[in-house]
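Here is what each chain is made of, one letter per residue.
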Number of protein chains: 4
Amino acid sequence: MAGSIYGKIFQISTWGESHGKGIGVIIDGCPAGLPLNEDDIQIYLNRRKPGQSKFTTMRKESDEAEIISGVFEGKTTGTPISILIRNQDQRSRDYGNIMNTYRPGHADFTFDQKYGFRDYRGGGRSSGRETAGRVAAGAVAAKILKELGIKILTYTKAIGPVSVPENEYDFSQINQNKLYMPNADYARQASDYLEKCLQEQDSSGGIIECVVTGLPAGLGDTVFDKLDANLAKAMLSIGAVKGFEIGDGFAAATAKGSENNDSFCSENGEISKFTNHAGGTLGGMSDGSPLIFRVAVKPTPSISQAQETVDKDGNPVSLTITGRHDPVIVPRAVVVVESMTAITLVDLLFTNMSAKMESLKAFYL
Amino acid sequence: MAGSIYGKIFQISTWGESHGKGIGVIIDGCPAGLPLNEDDIQIYLNRRKPGQSKFTTMRKESDEAEIISGVFEGKTTGTPISILIRNQDQRSRDYGNIMNTYRPGHADFTFDQKYGFRDYRGGGRSSGRETAGRVAAGAVAAKILKELGIKILTYTKAIGPVSVPENEYDFSQINQNKLYMPNADYARQASDYLEKCLQEQDSSGGIIECVVTGLPAGLGDTVFDKLDANLAKAMLSIGAVKGFEIGDGFAAATAKGSENNDSFCSENGEISKFTNHAGGTLGGMSDGSPLIFRVAVKPTPSISQAQETVDKDGNPVSLTITGRHDPVIVPRAVVVVESMTAITLVDLLFTNMSAKMESLKAFYL
Amino acid sequence: MAGSIYGKIFQISTWGESHGKGIGVIIDGCPAGLPLNEDDIQIYLNRRKPGQSKFTTMRKESDEAEIISGVFEGKTTGTPISILIRNQDQRSRDYGNIMNTYRPGHADFTFDQKYGFRDYRGGGRSSGRETAGRVAAGAVAAKILKELGIKILTYTKAIGPVSVPENEYDFSQINQNKLYMPNADYARQASDYLEKCLQEQDSSGGIIECVVTGLPAGLGDTVFDKLDANLAKAMLSIGAVKGFEIGDGFAAATAKGSENNDSFCSENGEISKFTNHAGGTLGGMSDGSPLIFRVAVKPTPSISQAQETVDKDGNPVSLTITGRHDPVIVPRAVVVVESMTAITLVDLLFTNMSAKMESLKAFYL
Amino acid sequence: MAGSIYGKIFQISTWGESHGKGIGVIIDGCPAGLPLNEDDIQIYLNRRKPGQSKFTTMRKESDEAEIISGVFEGKTTGTPISILIRNQDQRSRDYGNIMNTYRPGHADFTFDQKYGFRDYRGGGRSSGRETAGRVAAGAVAAKILKELGIKILTYTKAIGPVSVPENEYDFSQINQNKLYMPNADYARQASDYLEKCLQEQDSSGGIIECVVTGLPAGLGDTVFDKLDANLAKAMLSIGAVKGFEIGDGFAAATAKGSENNDSFCSENGEISKFTNHAGGTLGGMSDGSPLIFRVAVKPTPSISQAQETVDKDGNPVSLTITGRHDPVIVPRAVVVVESMTAITLVDLLFTNMSAKMESLKAFYL
């Protein structure tokens, strides 16, 4: 099994390699009647596209999405939506030197162990380019959420040691800087930090934060398919993500119950919580507060300084990776986090509809 | 959907409520020929059982497992294994006062929102007691792993602010203290800390760490069903878990590529890594190094000091929770983490068998 | 994998062997708020129970169902419903002589081939007794359907050569004879035929027909999860079923298009069809006409006349099966067909709810 | 949900509409190391291609398959294989007159009921053209089976009343006539019959039979995922299929146990059966005999004689379908049956590998 299918009712199947002919996704289970065109998808793909700034790979990819099925006269028909993105700038010559060498921090070795050999051109299926299909599907999921009044805001909380404190968030800044940080000053500091990394032939990690508002309470299941469990899987399924936390997350481990519990309150008959240490979920179900979670992204493993490693026969190799690589993955991963969140939420919204006999009867009778 | 089924080939279905008649699990997809008896399961259940120390609820449950199907003449037959644990100490009178009140940090409110009403006796399905079924299944999964030479070691890394540093680990101590910490001194400090929490009518969170050795390289899939993604879901599906990180985890966000990359090396033809910042996985597949990850557990939400909240009609209530509650969930959750890990790994081992034509042919021809 | 889990959102997990300690089912994904008690289930189980007539095994089983979870104060809570039926009349001595022998028409040989050995007591998991769990779940599914105005009628169309023609159906007779046939005369003839089979130490096959009314049009998916495809799987998953046909079924193979097409008509704005050769489904989706399909059931393989076979070492054996066996499976399988139909339809009703953006918005906004 | 994903480990996702831009499939879970190129797929597609004879639609489609991912240097890599077939001869003007009319025997009405509207061009997703994706995937599955020594033979058993008796089968003839019948004389009779149907502006149904040899015994699961149950679903998921039977099928309903049971025998230590009434499966698992089953195919619903029907507002319409339509679906469906069989068997072979601890240990240790 290759594990390239995700979701229960809203199901996406992604395919494609970094330096193959193209990359894409099929979305099965999209409701009929959603207005959809290629621009909707392009807006999302552009946020992930290479070449946006000096901190992203110079690979030339227009990343133009073609919808080949599932849309008729401007609306989804309920049938699978197939989206195709042809690779343009394949330049496989760049990658010749890594054909037999195991790059540190990459999937070269594990791929060979699992499958016996690999498409060594630019990481193949394990390239970050794989996420283009997810983002195309995420654009569709996000459009469904929007129609239901649900909004997702995703941004770079930290790059290396430069982290924007919560009380200095200015969400209007997110799209004003190429790092997608919610504060212009911190964005500048982060930019300086990345500049230094580049000079040192090094790379940086960071943290992405995501906030979802407008979710109905009660979304998510009570045991294995908890809202937070499904989100955790969605996030860790993104290459380079090494951690996930919701609400106070790891800080809850050092807190006391009296500090960590969110008391309920009520205003005009609406029940809500005074605080949101939980991050919008209780017992695996959304609690009506904003959903808030963070992911830790490791530094780009492809760095241009020489690294010690071995080839596939175990011979020591001093590896110098040339070619086009982002010194930080975080800014381009922001939209991937948002996409996987949207896809996960849509699926939970769909599987949630039969939770009560009462609403089932209202639906069918 | 209730989301109480987990796994693709090795599939478990858990059921049962805190104060219903019992709790249990069905394991579908267990291979035939595994020696199995009730003692195998009891050993695991005992690690989760209430009443082990003064820091665990005094609820009296012998948690005796009965295997009702799937085992014949001491061996699994390949058919579903049904395991039943009757609840004994149901004392539902303890829980009368929470019938209409939304306890902070619990699933009462979200359960009502999703399902319209709830079994209010002791948390019902959202009680930590739900994990007994997982642990019973985990015992079976762990036995399969053992036959394949794979070992899981799980322990309490931290309770509140008391955290055992990696260089002071003494694994021989884990089962020598009731908190399952790998260091006797830290266990004493943690015990003192919990004592203080109890006196303050408060509770504590903590961190559990898990290490798996003996895994073949190449386990896990390359996109959505990454080894770490599936583990993240498994962990966040445990109530009270608020974060997951693998290898360096969140620390990788502040690291540089040159620090975070693990260089490959080779000895006697065996390829391995000098370091293990990745925590044993690359590109979603095991890399032959020990798998190492941590989860953050929030403080027990049930504390005996008075808390402000509301009832289901939105009226303010000052809630005092009496009855039996653990001041810390962590020690009893150690075996739950281990169980979910075992279940997740077994399933990935099974779905992995058709990865190569070569091994497929060796299997069938 | 043992394949004992069925369904996508309304999921059942069955377990148990013929001569083990018990048999049962977990239903995950049942909506909250459905009134349910053990009597609802018992009514269904009684239709499958042994000992109803001289044509059913004399095995003594009261088949009493205990609901152990998922129901609170008379209503389902949305959490898994665990139903347990303890085996009473295990009399395993009856089955000693088949321990090493491969009974013709049974799963003994294939079980050994797949799993290496088997629970040889009375067919183990491959016994017809396995269906008790399905019937318990079917009772719950049927209750959901009833609340939605959907009715299932299932009956014995034929036993051996005795087949009730469509124009002689009298549905009021179905529960008036022990063979569940919709015509008293044919029931008598069938009874005579079975009597003769018994005298000849032989057994008979037959045909079960099922009619569903009240289904909304548009149920079922357009490609793999067609309504009829899912029903076909459900039916062939019942041991002893060897064929499935919907509407005109195999007769359609010799028909012409002009005969087989059902023309649409309209009355008072309601669109329907003049005829129903299709059996209520077009393109895999229900068309608003009654759903009508048939299954072929093979003769009971356990016959008391001597049969040639081999033991597990390949030695020839003349096998005489003693003990309690139905000379015909059909009457007891009627409720199994009905149960699997109900379970399949409920699941499709649940997965169908997100088909249109319009209804999605009506549901959530 | 659109239900366009099939399989558990070997999973295919098909997409595309009759008159959209193209049609295709993603295969996830194909083992690495299978030699594969576009010719392998083309051979299968050509068997389904329109325009093979006067009895198939004259639509011009070269049906050229492009492999866009998952194959590297002539071998599968273990990652998703995306196969794209561009539609060429879309001529949507042919279909203008059916935009608002419900064609008898088609999915127009049910599609509108489920999704609110439809892509009315040539049946859209419910067109037989949808099967091109399945056939492309079937070619890959068949290649895997071939490497494992498993062979599938599929042919037209009957067209309308012209049915080839088993004792007149001559398999060498199958590819010698355009109807894929295993007897030249019957093929001529069937051809004459179809000629007459054409003259009468009518169409014919038929029966396809499929025989699989070389299957290991023990394949398939014991309860819901029985080999025959999964095949039944696979077959009924093909549009126009109205019935499925395995072995003696419906004839078993009138047989006696003594006739229907297949006695086991043994030669040189190999256990087999004297007869094969069961059609190669016992208790849902393959028994080592050839697997043999049949499907009933209804007559093409598109006939050129005038038909009574209604438009979407319920107004009566006399419909005359012009354009290109096969007077019989059967010959082109032969390869679809073969493809769905191959896909189903491969998936069961993959999920079967963890059935025994013994083989699990041999695999991993």
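Presented here is a report on the structure given in the accompanying data block. (Residues numbered from 1 in each chain as written. Chains lettered and ligands numbered in written order. Predicted model: local features only at pLDDT ≥ 70, side-chain atom pairs only at ≥ 80, totals over all residues. Heavy atoms only, no water.)

Here the focus is the interface of chain B and chain D. With 27 residues of chain B at the contact, the number on the chain D side is 27 residues. Of all residues in chain B, Met353, Met357 and Tyr364 of chain B give up the largest surface area on contact with chain D, accounting jointly for 27% of the area buried on that side. In this structure, Glu147 of chain D and Lys361 of chain B form a salt bridge, with 2.8 Å as the shortest nitrogen-oxygen distance. Between the two partners, chain B and chain D, sit 10 residue pairs in polar contact (both at pLDDT 80 or more). Of all the secondary structure elements, the ones that give two or more residues to the side of chain B that touches chain D are α3 (131-147), α7 (330-351) and α8 (357-364) of chain B. (Contact = heavy atoms within 4.5 Å. Buried area = accessible area lost by both parts, 1.4 Å probe. Salt bridge = Lys/Arg side-chain N within 4 Å of Asp/Glu carboxyl O. Polar contact = N/O pair within 3.5 Å; in protein donor to acceptor, adjacent residues only side chain to side chain. Helix = DSSP H or I, 4+ residues; strand = E, 2+ residues; numbered from the N terminus.)

What the rule picks out here adds up to 50 aromatic pairs over all chains. Ring geometry for Phe244 of chain A versus Phe293 of chain A: centroids 5.5 Å apart, planes at 35°, classification tilted. Taken together, the residues span a long stretch of sequence, with Phe244 of chain A in strand β11 (residues 241-246) and Phe293 of chain A in strand β16 (residues 291-297) at a distance of 49 residues. Just as Phe244 of chain A is buried, Phe293 of chain A falls in that class too. Measuring from centroid to centroid gives 5.3 Å for Tyr155 of chain C and Tyr169 of chain C, while their planes differ by 70°, and the two rings are edge-to-face. Note that Tyr155 of chain C is positioned in strand β8 (residues 151-159) and Tyr169 of chain C in the loop between β9 (162-163) and α4 (184-199), a separation of 14 residues in sequence. (Phe/Tyr/Trp six-rings, centres within 6.5 Å; stacked < 30°, edge-to-face > 60°. Buried < 20%, exposed > 50% of the residue type's maximum accessible area, 1.4 Å probe, protein only.)

A word on the sheet that holds strand β10 (residues 206-213) of chain B. Reading across the sheet, the 10 strands line up as β9(A)-β8(A)-β10(A)-β16(A)-β11(A)-β11(B)-β16(B)-β10(B)-β8(B)-β9(B) and stay open at both edges, with antiparallel pairing between neighbours. For this open sheet the edge positions go to β9 (162-163) of chain A together with β9 (162-163) of chain B, each flanked by a neighbour on one side alone. Two elements, strand β10 (residues 206-213) of chain A and β16 of chain A, share 7 bridges in a ladder whose sense is antiparallel. Along β16 of chain A, the bridge assignment pairs Val211 of chain A with Ile292 of chain A. Sheet strands touched by helix α5 (residues 227-236) of chain B: β11 of chain A together with β11 (241-246) and β16 (291-297) of chain B. Its angle to β11 of chain B, the strand with the most contacts, is close to 160°. On top of the sheet, α7 of chain B reaches β8 (151-159), β10 and β16 of chain B; it is set at about 145° to β8 of chain B, its chief contact. (Pairing = 2+ DSSP bridges. Axes fitted to C-alpha atoms, helices over the stretch in contact; angles between N-to-C directions.)

Now for the side chain of Arg47 of chain A. Residue and element names in this part refer to chain A. In this structure, Arg47 sits in helix α1 (residues 38-48). A polar contact of 3.1 Å, which involves the side chain of Arg47, links it to the side chain of Glu338. When residues no more than four places from it in sequence are discounted, the contact partners of Arg47 are Gln52, Tyr180, Arg332, Val334, Val335 and Glu338.

Before going further, it helps to examine the environment of Ile343 of chain C. Residues and elements named next belong to chain C. On the secondary structure map, Ile343 appears in helix α7 (residues 330-351). A relative accessible area of 0% places Ile343 in the buried class. In the structure, Ile343 is positioned 180 residues away from Ser163 in sequence and 27 Å away in space, judged by C-alpha atoms.

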